[in-house]
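Structural description and commentary
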Amino acid sequence: MKKSFVFLLASFLTLTSFAQNFEGMLLCKNSYKSKNAAVADEQFNAMMGTVQEYYVKDGDYKSITNGSLLQWQLYINKDNKLYNKLSNNETVLWNDAAVNGDEVIKAVINKGVTEVLGYKCDELILTCKTGVQKYYYNAALAVDVSLYVNHKFGNWYEFLSRTKALPLKSIIENEQLIIESVVTEIKPMKLDKTFFELPANIKTMKSPY
């Protein structure tokens, strides 16, 4: 359970007049519905966090949550590594983003399915080996897909190659739970490149999961 849970954390938090390549912060509200009788919805909410700040710039991204277990996640594009900081470990665990433990079996796009923050969103449904992933997106949050061509982990490039935009909403379902994330605020802003660097002298190791 622990191994698959930590992997889940990493893969999930592997989402106008804006620039073509969005730079700034997305504030997200996350909720979790458990499919595991041993873990209540409230436990997942507490551990993983219900509030997420997602920062992105030029292929790098960083998520900060209010979770009691998951503290932050950082993707450094030049290393193609995804770093995860958990509260129960001073060492930051990293995954090779070129490696994907999942597989997309089928992809379907439905036009104009819903609206988030006033933006009409198309829906991308990815039927995967691990479950079903639904993403709702609008070109307002455009990204340069070429920056993520090696980011296979969590099906991230599979998603971006089809949408060319960050998600305004997502629903991820697997054997353990259903995760719903909705953007509640969009803040375009200039971010310093140093914001996407690991803290000085922090220990890192390859994740065993």
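Summarised in this report is the structure supplied together with it. Small disclaimer: the values here were computed from a predicted structure and weren't measured. (Residues numbered from 1 in each chain as written. Predicted model: local features only at pLDDT ≥ 70, side-chain atom pairs only at ≥ 80, totals over all residues. Heavy atoms only, no water.)

1. Topic: the packing of aromatic side chains
Following the criterion strictly, the structure yields 8 aromatic pairs and no others. Look at Tyr61 and Tyr75: their rings are 5.2 Å apart centre to centre, the planes differ by 25 degrees, and that puts the pair in the stacked class. Here Tyr75 lies in strand β4 (residues 70-76) and Tyr61 lies in strand β3 (residues 60-65), a separation of 14 residues in the sequence. For Tyr61, a relative accessible area of 0% puts it in the buried group. Owing to a relative accessible area of 1%, Tyr75 belongs among the buried residues under this scheme. Ring centres of Tyr135 and Phe159 lie 4.4 Å apart, and the angle between their planes is 40 degrees; this geometry places the pair in the tilted category. Note that Tyr135 is positioned in strand β9 (residues 132-142) and Phe159 in helix α3 (residues 156-163), a separation of 24 residues in sequence. (Phe/Tyr/Trp six-rings, centres within 6.5 Å; stacked < 30°, edge-to-face > 60°. Helix = DSSP H or I, 4+ residues; strand = E, 2+ residues; numbered from the N terminus. Buried < 20%, exposed > 50% of the residue type's maximum accessible area, 1.4 Å probe, protein only.)

2. Focus on the pairing of strand β6 (residues 92-96)
Across the 5 residues that make up β6, a large majority, 4, are buried. With 4 bridges connecting them, strand β5 (residues 81-86) and β6 associate as antiparallel partners. Looking at β6, one finds that Leu82 is bridged to Asn95. Between β5 and β6, which pair antiparallel in sequence order, lie 5 residues. (Pairing = 2+ DSSP bridges.)

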